[in-house]
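# A closer look at the structure
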Amino acid sequence: MEARVRIQNASKYFGKRGEITALRDVSLQVMPGQVFLIIGPSGSGKSTLLRSINRLETLSAGSIWIDQDEVTNPHGDIRQIREEVGMVFQSFNLFPHLTAVENILLAPTTVKREPRDQALPRARRLLARVGLSEKENSYPSQLSGGQQQRVAIARALAMNPKVMLFDEPTSALDPEMIKEVLDVMLDLARDGMTMLVVSHEMGFARAAADSVVFMDEGQIVEIGPPERIFDAATEARTQKFLKHIL
Amino acid sequence: MAEVDKTGRPQITISDGALIPDRAEKSLFSAWRISFFGAIGLLALLPILSPTPYLDILRFVPDGILSTFQVTVASILIALIIGLFTGLGRVSRITIVNRIATIYVEVIRGIPLLVQLFYIYYALGQFVAVPRLTAAVIAMSVCYGAYMGEIFRAGILSIPKGQMEAALALGLSRGQAMRKVILPQTLRLVLPPIGNEFIALLKDSSLVSILAVSDILRRGREYAATTFRYFEAYTVVALIYLVMTLFFSKLVGIMEERLEHRGS
Ligand SMILES: Nc1ncnc2c1ncn2[C@@H]1O[C@H](COP(=O)(O)OP(=O)(O)OP(=O)(O)O)[C@@H](O)[C@H]1O
Ligand SMILES: [Mg+2]
C-alpha cells in the first residue's frame, strides 16, 4: 500500500543565515487510516513538521508527499493539496466575524464554489457530528473553548480532507473541555481518518494512536506503538522527557 | 507560537482622537455635553441678544455648510477607496506594489495639505482647467488616502496571523483569504479611526476656502469683508464647526461602543 503522507529527509532552518534548525533530516511515513501522535519538548520542531505538510512552512530541504502529490514541489498546485489536508490549531483560529455554520461553509463555497444551499446540509451534518447542532448560528465569541475547537474540526472536515493535522488541539483548553474535543478526535480516528496529532494526551494516544513519534532538537529520536514508547522507551532522551511530563 | 487572544479583539490606538468622548464619562456635565450644548446655546442666544449682526450672519454663513459637506463627503469616499488599496499595497508581498504604496504615503505625509491644495489646483491648472471644487476634492482625497492607507494597514496587520493561516490551510488563495477573512474583520476595526479621519477632514476642509470654494469659512470671510464684523463672523464660523465636529465625534463614539458590544 502507498503511504498517505510521506516525509523524506525534511530539513527546515529559520533565521537570516539559517542558524536556527527546526527540522533535521526527518523522514516519516503514515499509511491511510493511521493515527500518529507526535510528542517532544518545546522547540523540538513538532509544529514545524506539521505545518510543512500543508506548506504553511516551506522546507529548506527534503520532500513531502500526500499520496501522489508532492507538497514541496514549488510549481505544484498547493491550494489543491491544502483542500485535502485539514488543520486544527491550538488557538482554534475560527473566523470571529462568521457564525459556526458560516465558518464551516466558507471553504466549500469559496474554494469549491458550491452553492450555499447545496453545502448547507453537509455543514449541518458536520455540526451534528461534533455535537453542536444547536450552536449553528452562534458566533465564536459566544462559544466555549471546547465548542470552538469542535467547530474548528468540523470546519476542517468540510473540505473532505484525506489527512487531518492537529497542533496541540487541547492545550489552550480548560481541563473540563479537553474530553469533548478528544472524543471528537477519537471518533474521527475510528472512522479511519489519517491523523497526525501533536499532543501530550497519553489517554488519547493509547486509545487511538498507531504510533508515537518522539522528537527532540528537530529530529525523530524514537518511534513506536504507544505502549512501547510510554512503557518501554529505549532512548534515554525519550525516557527523560516522559518522566518529565507524566 | 500563536497565542490565544484572551481579551478578544485587537485594537488600534488612535492618535488624533482627542474629540472622541470618553466612554467612562457618563455624567450630566461631561466635557462633551458642556461644549456641544454650550455651542448650540450660544448659536441660539446670540441672535436673540444682539440681532444685528448675528441674525444676518446666521442667514448668510450656513449656506457654506453644503459646500463643506460636499467636499468632506466626496473626499472621504474617494480617500477610503485610495486608502483601501494603499493599505493592501503596504502589506503586499509584491515588492514593486509595496514600494509604490509606501512612496505614496511618504510623499503625501511629507507635504502640508495646504501646499498640496495649491499644488494640485495650480499645477494641474497649467494643463487642464480643473473646477475649484474638483481640485479641492482631489487634493483632500489624495492627502487623506495616504492616512487612510495607514489605518487600513494597521488594521490588516492587527488581525492575528492565525486567521490567514487557517484560511490558507482550508485551501483559500491569499486574495480570497483577504476578501473573506481579513478585510471583513479589518473593516470593523478601522471604522472608528475612519470616523476620526472624517472629523479631521471636516475641519481641514476649511482650507479649501482659499480656492474660493464657498464653504463655511469662506462665507464667514465674505460676510466679514463687507461688514467688517470680523469677530462676530468668525465666532459663528467657529461655533458651527464646533457643533458639527462634536456631533460627529459623538456618533463615532456610539459606533465604537456598538462595535465593541457586538460579538467579536
Ligand atoms: N517563524 C519562525 N522563525 C524563526 N524561528 C522559528 C519559527 N518557527 C519556529 N522557529 C524555531 O524552530 C524551532 C522549532 O519550533 P516549533 O514551533 O516547530 O517547535 P514545537 O516543537 O512545536 O514547540 P512547542 O511545543 O513550543 O510548540 C524552535 O527553535 C523555534 O524557535
Ligand atoms: Mg508547537
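This structure is a prediction, so every number in the text was calculated from the model and none was measured. (Residues numbered from 1 in each chain as written. Chains lettered and ligands numbered in written order. Predicted model: local features only at pLDDT ≥ 70, side-chain atom pairs only at ≥ 80, totals over all residues. Heavy atoms only, no water.)

### Here's the deal with the confidence of the model for chain B
All names here are of chain B.
- Chain-level statistics for chain B give a pLDDT mean of 88 and a share of 89% at 70 or above.
- Element-level pLDDT for chain B is lowest in helix H5 (residues 113-125), with a mean of 87, against a maximum mean of 97 in helix H7 (residues 161-169).
- Within the model, pLDDT remains below 50 along residues 1-6, and this stretch shows six contacts once partners closer than five positions in the same chain are excluded. (pLDDT = per-residue confidence, 0-100. Helix = DSSP H or I, 4+ residues; strand = E, 2+ residues; numbered from the N terminus. Contact = heavy atoms within 4.5 Å.)

### Concerning the site of ligand 1
Residue and element names in this part refer to chain A.
- As a structural note, the neighbourhood of ligand 1 is formed by 13 residues, with Ser42, Gly43, Lys46, Ser47 and Thr48 the closest of them.
- Within the backbone of Gly45, one N or O atom sits 3.0 Å away from an oxygen atom of ligand 1.
- In the model, an oxygen atom of ligand 1 is placed 3.4 Å from a nitrogen or oxygen of the Glu168 side chain.
- Protein chains bury 68% of the 630 Å² of accessible surface belonging to ligand 1 in isolation.
- If you tally residues by element for the shell around ligand 1, the top one is helix H1 (residues 46-53), at three residues.
- Counted by class, the shell around ligand 1 contains five nonpolar, six polar and two charged residues. (Near = heavy atom within 4 Å. Polar contact = N/O pair within 3.5 Å; in protein donor to acceptor, adjacent residues only side chain to side chain. Areas by Shrake-Rupley, 256 points an atom, 1.4 Å probe, with all protein chains shown as cover. Nonpolar A, V, L, I, M, F, W, Y, C, P; charged D, E, K, R; others polar.)

### A closer look at helix H4 (residues 116-129) of chain A
Residue and element names in this part refer to chain A.
- Counted at 1.5 Å a residue, the expected span for H4 with its 14 residues is 20 Å, and the 20 Å between its end C-alpha atoms agrees.
- Along H4, the residues classified as buried are Ala119, Leu120, Ala123, Leu126 and Leu127. All buried residues of H4 project into a common sector of 130° when viewed along the axis, lining one side. What points out from H4, more than 90 degrees from its buried face, is the exposed set Asp117, Gln118 and Arg125.
- Next to the buried residues of H4 lie helix H3 (100-110) and helix H5 (145-157).
- Two residues or fewer past H4, Gly131 is found with a positive phi of approximately 75°. (Expected span 1.5 Å × (residues − 1). Buried < 20%, exposed > 50% of the residue type's maximum accessible area, 1.4 Å probe, protein only. Arc of directions from axis to C-beta.)

### Concerning empty space enclosed by the protein
- Throughout the structure, instances matching the rule amount to two cavities of 30 Å³ or more.
- Roughly 70 Å³ of internal volume is contained in the largest cavity.
- What lines the largest cavity is a set of 13 residues, among which Gly86, Met87 and Ala156 of chain A together with Ala169 and Leu170 of chain B lie closest to the centre.
- Counting residues per element, the ones that place at least two in the lining of the largest cavity are helix H2 (78-83), strand E6 (85-88) and H5 of chain A together with H7 of chain B.
- Its residues assigned to classes, the lining of the largest cavity shows nine nonpolar, one polar and three charged.
- Looking at the second largest cavity, its volume works out to about 50 Å³.
- Lining the second largest cavity are Ile104, Leu105, Pro108, Glu114, Ala119, Arg122, Ala123, Leu126 and Ala158 of chain A.
- Of all the secondary-structure elements, those providing two or more residues to the lining of the second largest cavity are H3 and H4 of chain A. (1 Å grid on protein atoms, 1.4 Å probe; cavity = no way out; pocket = protein on both sides within 12 Å on 5 of 7 lines; lining within 4 Å. Points joined across faces, edges and corners; volume = space filled by probe spheres on them.)

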